[in-house]
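The primary structure of each chain is shown beneath.
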Amino acid sequence: MVSAARPAPDGVTQAPLEQAAWDVLRSVEDPELPIAITDLGLVRDVRVDGESRVSVRLVPTWTACPALAVIRGRIRDGLLAIPGVRDVSVEYTYDEPWTLERMTDRGREQLAAHGLSVPSCRFAEPPVCPYCGSHDVAIDSLFGPTLCRSTYICRHCRNPFERFKPPAES
Amino acid sequence: MPAALATIADPAVRAAFREWLLRVADDELTIGHRHSEWTGVGPDIESDVAMSSIAQEELGHARLFYEQVAGDQPGGPDLLAFGRPPAEFRNAVLLEQPNHGWEFSIVRLALYETFEGQRLGLLARCGQEPVAAIAATLGREERYHGLFAATWLERMARPSADARARVQAALDAAWPYALGFFETTEADPILINAGLLHESAERQRDAWEAAVRPLLEGCGLAIPAAAPALGGRRGVHTPDLAQMHAEMTEVWGSDPEARW
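Reading guide: rules and limits
Residues numbered from 1 in each chain as written. Chains lettered and ligands numbered in written order. Predicted model: local features only at pLDDT ≥ 70, side-chain atom pairs only at ≥ 80, totals over all residues. Helix = DSSP H or I, 4+ residues; strand = E, 2+ residues; numbered from the N terminus. Buried ≥ 20, exposed ≤ 12 C-beta atoms within 10 Å, placed from the backbone. Contact = placed C-beta atoms within 7 Å. pLDDT = per-residue confidence, 0-100. Axes fitted to C-alpha atoms, helices over the stretch in contact; angles between N-to-C directions. Parallel < 35°, antiparallel > 145°, perpendicular 65-115°, else oblique. Left-handed = near helix turned anticlockwise from the far one by under 90°. Nonpolar A, V, L, I, M, F, W, Y, C, P; charged D, E, K, R; others polar.

Engineer: Sorry, what's going on with the overall build of chain A here?
Structural biologist: Counting secondary structure elements, chain A contains 4 helices and 8 strands. In chain A, the order of α-helices and β-strands from amino to carboxyl end is β-α-α-β-β-α-β-α-β-β-β-β. Taking all 170 residues of chain A together, the buried fraction comes to 36%. Expressed as a percentage of contacts within chain A between residues at least 6 apart in sequence, the contacts between residues at least 24 apart total 54%.

Engineer: Hey, could you run me through the confidence of the model for chain A in this one?
Structural biologist: Should the pLDDT be low somewhere, the predicted coordinates at that spot are not to be read in detail. Per-residue confidence for chain A averages 88 on the pLDDT scale, and 91% of its residues sit at or above 70. When pLDDT is averaged over each helix and strand of chain A, the minimum, 54, is found for strand S1 (residues 2-3) of chain A and the maximum, 97, for strand S3 (residues 53-58) of chain A.

Engineer: Sorry if this is basic, but what is going on with the packing of helix H2 (residues 45-70) of chain B against helix H5 (residues 131-157) of chain B here?
Structural biologist: Axes are the key here: two packed helices are described by the angle between their axes and the distance separating the axes. Residues and elements named next belong to chain B. With their axes 11 Å apart at the nearest point, H2 and H5 run at an angle of 165° to one another. Relative to H5, the element H2 lies roughly antiparallel. Here H2 and H5 pass one another in a crossing that is left-handed. Listed contacts from H5 to Ala50, Ile54, Glu57, His61, Leu64 and Gln68 of H2 are Val131, Ile134, Leu138, Glu141, His145 and Phe148. In the contact of H2 with H5, the residues fall into 7 nonpolar, 3 polar and 2 charged.

Engineer: Explain the interface of chain A and chain B here, please?
Structural biologist: You'll often see interface size given as the accessible area lost when the parts meet. Between chain A and chain B, the residue contacts involve 15 residues of the former and 23 residues of the latter. Residues belonging to the side of chain A that touches chain B are distributed by class as follows: 9 nonpolar, 3 polar and 3 charged.

In structure tokens, the structure reads:
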């Protein structure tokens, strides 16, 4: 049984194991961003075979991100802790690149609350200060503290801030 | 891990594709290692972080391609990265050269990123999955490297004649080796005939020159007239690679069986 990138909406029956697998995925945070990997849009699909096997495919934001191995390990540990699960596969796939649309509204709100500005759809759109909402900002560096962040200065409220940096559109 | 090579039936084509992937991976590993030597000593904190991030990304990209070459073979990508002698490396010689100075590193970055972007475009059309999908994904990441290189190139070359002369000297030194990106071996005609590679080396070079020329000339720099310095694609390297290789593999070589 294969489910899409999102858990089934309320009222739609899901196999208990599949539900348990999604509960695990919702509990795993990106170690470099304070949001769940499901809100970041990393989960491509979940496959459940019988009562003991779960396969998860993930879409990386940045392919060289050192958090990828950590995330994979946390998912694997969480899935293996589900009673009855004995066989777990967690793989990154590249056939459908990660884009900003994969991030949920809740994920955006959580990043904004953390002081991280998030572009709405394109990497090149004008940045907005997450503190005062001003567009009067200057780039400090395209390369910030992690591969997925760049740094800016707000000329209006004088705060430095970070912006989520998606891979450029092709 | 999917073995990209296993799906190619013809052994000669398989070997040629493996060689192409090794060129890509070895290029990324060597320039990634050289970029990482700026960590802690970059000209300012932002550039230090930027060059370190670019290094981190190139090493990650190298790993993805080594994984494709290694398949399920014991030792995996690490054995390919650290377990081969320098003579088996297929990287272009430009990428193994020491950093000399910031202007050389930026010139090299600009020349390489343009080439790398175009090569990833060709790989994305090679028809072999998952390599094609990986190449398309990486192309989106490399864009930022090119932006960084172009910004610094303009910043260094434009203000004064003295500054421009230093950047020009770096370009003169790098150019013959950059032409080595396009060195061919027996693998290239095989890849073209098999329909995996869609452009001859001459056309690749023309496309690359057409892309770097406006950037360089826009900064007041002159394209050097020089013959290509070849060798890397055939495993003929400078002593710089041996030195870098010894340093890069020292920890791994102390215990190749260790699990980190």
